[in-house]
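Coordinate inspection notes
Chain residues, written in single-letter form:
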Amino acid sequence: MDKSGISPEHNKYLKNIKIKKSLVIGGRILLLVAFICLWELLARTDIIDAFIFSSPSRIIKTIGDLINDGSLAKHTFITLKETVYSFLIATVAGTLIAIVLWWFETFRNILEPYLVVLNSLPKIALGPIIIIWVGAGEKAIVAMGVLISIIITIMSMESAFLETDKEKILLLRSMGAKKYQILFKLILPASLPNFIAVLKINVGMAWVGTIMGEYLVSKAGLGYLIVYGGQVFKLDLVMASTVILCFLAGIMYFAIVLAEKIFIKKRS
């Protein structure tokens, strides 16, 4: 035992875990750097057509041009705002609907097949209808983002609620617990890992829905830049906008991962 009371075997085990984490992080960085270097090399040696596939250097130049003319901040803010709205509305509304479905079993059994059908429906097909219902512009884009995410949220959280240990529910009922007490004392705490998983899924789904919405009705935003770049054959602009989208989605994802780690530390 050392001064901290940790045995040499356990200390060795902790070091191995740190080494594995470092290897994973280093491997990810190395893979990304290798991909970027290979892409640039292939473009510069004309093995691939830089006009069609672009290149890291051309993407960086395009991003620099967007920063200099002030359009990057404008388009990024618009898309980020729409995505965050879609993410929050879909997550909160989907979780509340899942609670209602858990609470009312008959209602759940009635709606379940309709949820499955809605989840399998290509959401882009509803784009023109959404525009007519809520109007063109930001509302239609947010509605598309919500539509993409909310059904998955409902079904995932409903499944998590129903998978809660039945014996624990019976124990609480035998002790005289009301249904709302079972919900707040058992169901919701037991479903937290699933809720965090839903948050991670909804990050990607919200971005997909927002960009789909911007393809249809937007006059600004990163989705608009992608559409515009494709129409005028500015493929560097398309690739630059896509890289920015990946970067922003990564930030949102790792923010949720960080929040998850902080939450786990507080609980332990």
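Parameters at a glance
- Residues numbered from 1 in each chain as written.
- Predicted model: local features only at pLDDT ≥ 70, side-chain atom pairs only at ≥ 80, totals over all residues.
- Heavy atoms only, no water.
- Patch = residues over 30% accessible without salt bridge, like charges linked within 9 Å, V, L, I, M, F, W, Y side chains within 5 Å.
- Areas by Shrake-Rupley, 256 points an atom, 1.4 Å probe, with all protein chains shown as cover.
- Salt bridge = Lys/Arg side-chain N within 4 Å of Asp/Glu carboxyl O.
- Lys, Arg positive; Asp, Glu negative; His and termini not counted.
- Charge placed at Lys NZ, Arg CZ, Asp CG, Glu CD.
- Helix = DSSP H or I, 4+ residues; strand = E, 2+ residues; numbered from the N terminus.
- Buried < 20%, exposed > 50% of the residue type's maximum accessible area, 1.4 Å probe, protein only.
- Axes fitted to C-alpha atoms, helices over the stretch in contact; angles between N-to-C directions.
- Parallel < 35°, antiparallel > 145°, perpendicular 65-115°, else oblique.
- Left-handed = near helix turned anticlockwise from the far one by under 90°.
- Contact = heavy atoms within 4.5 Å.
- Nonpolar A, V, L, I, M, F, W, Y, C, P; charged D, E, K, R; others polar.
- Phe/Tyr/Trp six-rings, centres within 6.5 Å; stacked < 30°, edge-to-face > 60°.
- Lys NZ or Arg CZ within 6 Å of the ring centre and 35° of its normal.
- Core = buried A, V, L, I, M, F, W, Y, C linked by side-chain atoms within 4.5 Å.

Looking now at a positive patch on the surface. Together, Lys 15, Lys 18, Lys 21, Lys 261 and Lys 265 make up a positively charged patch on the protein surface. Elements with a minimum of two residues in the positive patch: α1 (8-44) and α12 (235-267). The dominant element in the positive patch, judged by the number of residues it contributes, is α1, at three residues. Tracing the chain through its elements places Lys 265 in helix α12.

Attention now goes to the pattern of salt bridges. Pairs can form between side chains of opposite charge whenever their charged atoms are close. Inspection of the entire model under this criterion finds six salt bridges. Taking the shortest distance from any N to any O, the salt bridge between Glu 138 and Lys 81 comes out at 3.0 Å. Remark: Lys 81 occurs in helix α4 (residues 71-103) and Glu 138 occurs in helix α7 (residues 138-162); sequence separation between them is 57 residues. The class of Glu 138 is partly exposed, set by a relative accessible area of 34%.

It is worth spelling out the packing of helix α10 (residues 192-217) against helix α11 (residues 222-231) at this point. Orientation of α10 relative to α11, taken along the N-to-C sense of each, is 55°, at an axis distance of 8 Å. As judged from the angle between their axes, α10 and α11 are oblique. Of the two elements, α10 crosses α11, and the hand of that crossing is right-handed. Contacts from Ile 211, Glu 214 and Tyr 215 of α10 reach α11 at Leu 222, Gly 223, Tyr 224, Ile 226 and Val 227. Here the contact of α10 with α11 is built from residues that sort into six nonpolar, one polar and one charged.

Applying the stated rule across the entire model yields four aromatic pairs. Between Trp 102 and Trp 103 the ring centres are 6.1 Å apart and the planes differ by 75°, which places this aromatic pair in the edge-to-face class. With relative accessibility at 11%, the residue Trp 102 sits in the buried group. Overall, the relative accessible area of 29% leaves Trp 103 in the partly exposed class. Ring plane angle 80° and centroid distance 5.5 Å describe the contact between Tyr 253 and Phe 254, whose orientation is recorded as edge-to-face. We classify Tyr 253 as partly exposed; its relative accessible area is 34%. Over the face of the ring belonging to Trp 102 we find Lys 179, whose NZ or CZ atom lies 5.4 Å from the ring centre.

Bringing the nonpolar core into the picture now. Of all hydrophobic cores here, the largest spans 25 residues; its most connected members are Ile 63, Phe 87, Val 203, Trp 207, Leu 222, Ile 244 and Leu 245. At the level of secondary structure, the elements contributing two or more residues to this core comprise α1, α3 (56-68), α4, α10, α11 and α12. Counting residues per element, this core draws most heavily on α12, at eight residues. Leave out the neighbours within four places in its chain, and Trp 207 touches Thr 79, Leu 80, Thr 83, Leu 245, Leu 248, Ala 249 and Met 252.

Read these as layout, nothing more, since geometry by itself doesn't imply function.
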